[in-house]
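Examination of the molecular architecture
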Amino acid sequence: MNQLNNPTAQAVDNVLIYIFGFSLILLLGITVVTVYFVVKYRRSKYPEPTSQVHGSWLLETIWTVLPILIVLTMFWYGWTNYVGLREIPEGALEVKATARMWSWQFEYPDGRKESKLYVPVNQPIKVLLFSTDVLHSFFVPAFRIKRDTVPGMESYVWFQAPEPGSYDIFCAEYCGVGHADMTTSVEVLSEADYAQWLQPLEPSATPRGLVVLDEQGCLSCHSLDGTDGIGPSLFEMAGQPRQVTINRESKELIIDEEYLKLAIRDPEAEMVDGYNPMMPPYDEATINNEDLQAVVNYLMGKAEAAKTPSAGAQLMDENGCLGCHSTDGSDGIAPSFKGIGQREVTIERDGKEITVKIDVEYLRRALLKPNADLVKGYSPIMPSADYLSPEEIDAMIQHLLQQ
Ligand code: CUA
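Residues numbered from 1 in each chain as written. Predicted model: local features only at pLDDT ≥ 70, side-chain atom pairs only at ≥ 80, totals over all residues. Heavy atoms only, no water.

1. Some words on the nonpolar core
Formed by 34 residues in total, the largest nonpolar core has its most connected members in Phe106, Leu117, Val127, Phe138, Phe159 and Val186. Top element by residues in this core is strand E1 (residues 93-100). It accounts for four residues. Look past the residues within four positions of Phe138 in its chain and what remains in contact with it is Trp104, Phe106, Leu117, Val127, Leu129, Ile145, Lys146, Arg147, Val157, Ile169 and Phe170. If you look at the next biggest cluster of nonpolar residues, it comprises 22 residues, including Ile246, Leu253, Val295 and Leu299. (Core = buried A, V, L, I, M, F, W, Y, C linked by side-chain atoms within 4.5 Å. Buried < 20%, exposed > 50% of the residue type's maximum accessible area, 1.4 Å probe, protein only. Helix = DSSP H or I, 4+ residues; strand = E, 2+ residues; numbered from the N terminus. Contact = heavy atoms within 4.5 Å.)

2. What to know about the pattern of salt bridges
Under the defined criterion, the tally for this structure stands at seven salt bridges. Across the salt bridge formed by Arg208 and Asp291, the nearest N and O atoms sit 2.9 Å from each other. Of the two residues, Arg208 sits in helix H4 (residues 208-215) while Asp291 sits in helix H6 (residues 289-299), which places them 83 residues apart along the sequence. Residue class for Arg208 comes out partly exposed when judged on its relative accessible area of 33%. Where Arg364 meets Glu361, a salt bridge forms, and the shortest distance between an N and an O atom there is 3.2 Å. One end of the pair is Arg364 and the other is Glu361, both in helix H8 (residues 360-368) and three residues apart, which spans about a single turn. We classify Arg364 as buried; its relative accessible area is 2%. Sharing partners across several salt bridges, the network here consists of Glu361, Arg364 and Asp394. (Salt bridge = Lys/Arg side-chain N within 4 Å of Asp/Glu carboxyl O.)

3. Regarding the sheet that holds strand E11 (residues 241-246)
Strand order in the open sheet made by the three strands is E12-E11-E13, with antiparallel pairing throughout. The open sheet has two free edges, formed respectively by strand E12 (249-254) and strand E13 (270-272), since each of these has just one partner strand. Sheet twist, expressed as the average angle between the axes of neighbouring strands with direction ignored, equals 45°. Along the sheet, helix H5 (residues 257-265) contacts E11, E12 and E13; its crossing angle with E13, the most-contacted strand, is approximately 95°. (Pairing = 2+ DSSP bridges. Axes fitted to C-alpha atoms, helices over the stretch in contact; angles between N-to-C directions.)

This is the structure in structure tokens:
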């Protein structure tokens, strides 16, 4: 990365190298002189002291004044560079970052919300930092910026990215069991890509419910593929019985719309057994009733059908799926996609063979955990598609169902 155009990284690196360089020179110099004198004036060679000097004004002045000057330059250099980290250049784009257990949300001036920080290349970005619950810390190593987010307090950082790319964002303040997973990324886009990203979104193939789940960071605790996380997985749960605790009493109930709504608005009212009460309540100001219904519809498997499955077709192609799966019904290394939405398959689960109907949930699991519910007669060789976004996975599923 071109450090000259990465001003925050440059500022931090300069000071680090300066202080570390001086420390290294002093450490080596003092060690060498010490070892030299220890060897030269060893007792076997000089049993009696060779000098009776009791002091030198000149020497003492030098070794007092010189270190003071060195330390002062370290302070001055550190201070001026630190000021540069706090002064926002003109024309900075302002994005609001909200930390909560355990995800990040980025809000743009036009109200757009994202779970990744999309920014244009070569433009200063001011990130306003907030927390809704506990202390977190916004840390982007590539730009050497790290600052705590404190509930009730606004703070900020800024950076400017010299090259398009994806740069890690971490939470650098221990904030509970999901701390290590509280990661996302800065997506630096070229000017053209950013202009395109700025365009109002076309009505997408992604169901609104999934968009809300993603925006609100739900998926960092709740998986969509049956993997257990900090919270229960959202995989295949509609109509399933769950053991929950209500008023300290354990009861079995069936997951339905009412249950899901309450679980979002007031998560601790009916806690699923085996999980800790740590999910924040989402009130109407955060998820309005319409979006709440969309999420519940999505979770109940009533997601609206895709409007543009062509994105799915393209993803299939880009990701090389068609190398193993045919689209014309011929058998290959893996099952054909032809008519996949109308088929039943025999799979092995927990050592038992069962027959399941291929549906949205099945396909999602097949993409994310391909070797968990393996179709009988095939080898477990497919890699997981978990590097794709939930939207991309959904587009592929919608495409497959129409084959
Ligand atoms: Cu948030 Cu650690």
